[in-house]
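Topology and contacts: notes
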Amino acid sequence: MARFVNVAIGQLGPIARSETRPQVVVRLKALMHQASAMGCDLIVYPELALTTFFPRWYMAEQAEIDSFFEREMPGPETQPLFDLARELGIGFCLGYAELSLEQGRAHRYNTSILVDRAGAIVAKYRKVHLPGHAEHEPWRRFQHLEKRYFEPGESFDVVQAFGGVLGMAICNDRRWPETYRVMGLQGVELILIGYNTPVHNPPAPEHDDLSLFHNQLVLQAGAYQNGSWVVGVAKAGIEEGVDQIGGSCIIAPSGEIVAACTTKGDEIALARCDLDLCNSYKRTTFNFDVHRQPSAYGMIVERKGVRLKADGTLFASD
Ligand code: CDT
């Protein structure tokens, strides 16, 4: 029996700092209604979808920082989204800032959850690759303080849901081949990735003109090299003076873009994802059991950064 998942991109335009959770949830619900009316099984929202992208500001007061975090999920302000999902029978993937109390200690993560058609959370992912910096750097036009405000997550797990094997990643994770491969090794068939990507990266302004290209490049490569569907969803547009890329799209296991948003505002785009299209890639070119050579890949996990030989010319082998 064919395994189709009708997936909607739930792209968001900018969220102002003054916008409240209930106001944002109204926007998320409007997109969910559209997705449901178009027969979708699942809608994917961006990273940190309940507030503005707050790591762009240095904040000294913990109480102010914590005002951007959710202490419970669902909480009173997000419950209406879960209720609508259950009523419409549609699943969703949502990014938010998570404040979790573990053995009396507060931990803060950049998190995504996967919610099934019954409104139950079936998977949670905490962002592993936190970009940016940990200290205030006033020379930048805007900050990127994810390393200050979040702890990194620890794993890329997958879950059986929506008739297939699903995984999540968040924004900067999509630039790293390890993200996709760890899930690929668990048989992932559909990877959901929300993002907030400024056009301008202060330490590397020479990349600015390439920001949309790099987005597509990594999403397409990750899909093809692991024989998986990939869904990339932006929070786009000029948010508090910072221009963020759009470019939300759905990539087939062939690496082809099959659906894409065309604006930088709240917008839906859809694809009928046949999970069985993964099979020919997973069984042939990327049959990992047959073709991978893990004994040649030791450095991937043994080494974090580049090390040169003493003469500085060749990579060391140990
Ligand atoms: N949110 C996020 O991870 N954004 C980063 C910006 C990189 S520049 C510090 C990204 O990789 O898109």
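Above this text sits the structure in question.
Residues numbered from 1 in each chain as written. Predicted model: local features only at pLDDT ≥ 70, side-chain atom pairs only at ≥ 80, totals over all residues. Heavy atoms only, no water.

Moving on, we get to the site of the ligand. In the region of the ligand, 13 residues are neighbours, and Lys127, Cys171, Asn172, Arg175 and Thr197 sit closest. Between the ligand and asparagine 172, the relevant distance is 2.8 Å, taken from an oxygen atom to a side-chain nitrogen or oxygen of the residue. Measuring from a nitrogen atom of the ligand, one finds a backbone N or O atom of asparagine 196 at 3.1 Å. For the ligand, the accessible surface in isolation is 350 Å², of which the surrounding protein chains cover 92%. Counting atoms within 2 Å of the grid points, the majority share of the ligand lands in the second largest pocket. Taken together, the residues of the shell around the ligand sort by class into three nonpolar, five polar and five charged. (Near = heavy atom within 4 Å. Polar contact = N/O pair within 3.5 Å; in protein donor to acceptor, adjacent residues only side chain to side chain. Areas by Shrake-Rupley, 256 points an atom, 1.4 Å probe, with all protein chains shown as cover. 1 Å grid on protein atoms, 1.4 Å probe; cavity = no way out; pocket = protein on both sides within 12 Å on 5 of 7 lines; lining within 4 Å. Sits in = over half its atoms within 2 Å of the grid points. Nonpolar A, V, L, I, M, F, W, Y, C, P; charged D, E, K, R; others polar.)

Before going further, it helps to examine the pairing of strand β1 (residues 4–11). The buried count for β1 comes to six of eight residues, which makes it a mostly enclosed element. Summarising the sheet, β1 and strand β14 (residues 267–274) pair through eight bridges and their orientation is antiparallel. Residue pairing for β14: alanine 8 is matched across the bridge by leucine 270. Sheet analysis places β1 next to strand β2 (residues 42–44), joined by three bridges and oriented parallel. The residue of β2 that forms the bridge with alanine 8 is isoleucine 43. Handedness of the crossover joining β1 and β2 through helix α1 (residues 21–37): right-handed. (Buried < 20%, exposed > 50% of the residue type's maximum accessible area, 1.4 Å probe, protein only. Helix = DSSP H or I, 4+ residues; strand = E, 2+ residues; numbered from the N terminus. Pairing = 2+ DSSP bridges. Right-handed = clockwise from strand over helix to strand, strands pointing away.)

Let us now look at empty space enclosed by the protein. Taken as a whole, this structure holds one cavity of 30 Å³ or more when the rule is applied. There is about 30 Å³ of room inside the largest cavity. Looking at the lining of the largest cavity, its residues break down into four nonpolar, three polar and one charged. (Points joined across faces, edges and corners; volume = space filled by probe spheres on them.)

If you check which residues of helix α3 (residues 79–88) are buried, you get Leu81, Phe82, Leu84 and Ala85. End-on view of α3: buried residues confined to an arc of 160 degrees, all on one side of the axis. Contacts from the buried residues of α3 go to α1, β3 (91–102), β4 (105–115) and β5 (121–126). Two residues or fewer after α3 comes glycine 89, characterised by a positive phi angle close to 70 degrees. (Arc of directions from axis to C-beta. Contact = heavy atoms within 4.5 Å.)

Let us now look at the sheet that holds β1. The mixed open sheet is built from six strands, whose spatial order is β5-β4-β3-β2-β1-β14. If you trace the sheet from one side to the other, it starts and ends with β5 and β14, each paired once. Here the strands of the sheet are splayed against their neighbours by 35 degrees on average, with no regard to which way each runs. Bridge count between β4 and β5: five bridges; the pairing is antiparallel. Within β5, the position partnered with serine 112 by the bridge is tyrosine 125. Against the sheet, α1 makes contact with β1, β2, β3 and β14, and its axis sits at roughly 45 degrees relative to β14, the strand it touches most. Most of the contacts of α3 go to β3, to which it runs at about 145 degrees, and overall it touches β3, β4 and β5. (Axes fitted to C-alpha atoms, helices over the stretch in contact; angles between N-to-C directions.)

As summarised here, the arrangement of the six strands in space is β6-β7-β8-β9-β12-β13, forming an open sheet in which the pairing is mixed. Of all the strands in the sheet, just β6 (158–161) and β13 (257–260) have a single pairing partner and so form its edges. Taken over all neighbouring pairs, the strand axes of this sheet differ in orientation by 20 degrees on average, direction set aside. As paired strands, strand β7 (residues 164–170) and strand β8 (residues 190–195) are joined by five bridges and run parallel to one another. The residue bridging glycine 167 from the neighbouring strand is isoleucine 191, located in β8. Along the sheet, helix α5 (residues 177–184) contacts β6, β7, β8 and β9 (229–234); its crossing angle with β7, the most-contacted strand, is approximately 160 degrees.

Take the packing of α1 against α3 next. Contact pair α1 / α3: the axes reach a minimum separation of 10 Å and the direction vectors enclose 10 degrees. Classified by the angle between their axes, α1 and α3 sit roughly parallel to one another. On α3, the residues that touch Val25, Leu28, Lys29, Met32, His33 and Ser36 of α1 are Pro80, Leu81, Leu84, Ala85 and Leu88. Residues of the contact of α1 with α3, tallied by class, amount to eight nonpolar, two polar and one charged. (Parallel < 35°, antiparallel > 145°, perpendicular 65-115°, else oblique.)

Before going further, it helps to spend a moment on the pairing of β4. The buried count for β4 comes to nine of eleven residues, which makes it a mostly enclosed element. The pairing of β3 with β4 spans eleven bridges and is antiparallel. Looking across to β4, one finds that tyrosine 96 is bridged to threonine 111. Taking the residues that link successive antiparallel strands as the turn, the β3-β4 hairpin has two residues, and the phi of glutamine 103 there is positive, at about 50 degrees. Counted between consecutive antiparallel strands, the loop separating β4 from β5 contains five residues, among which glycine 119 sits at a positive phi close to 80 degrees.

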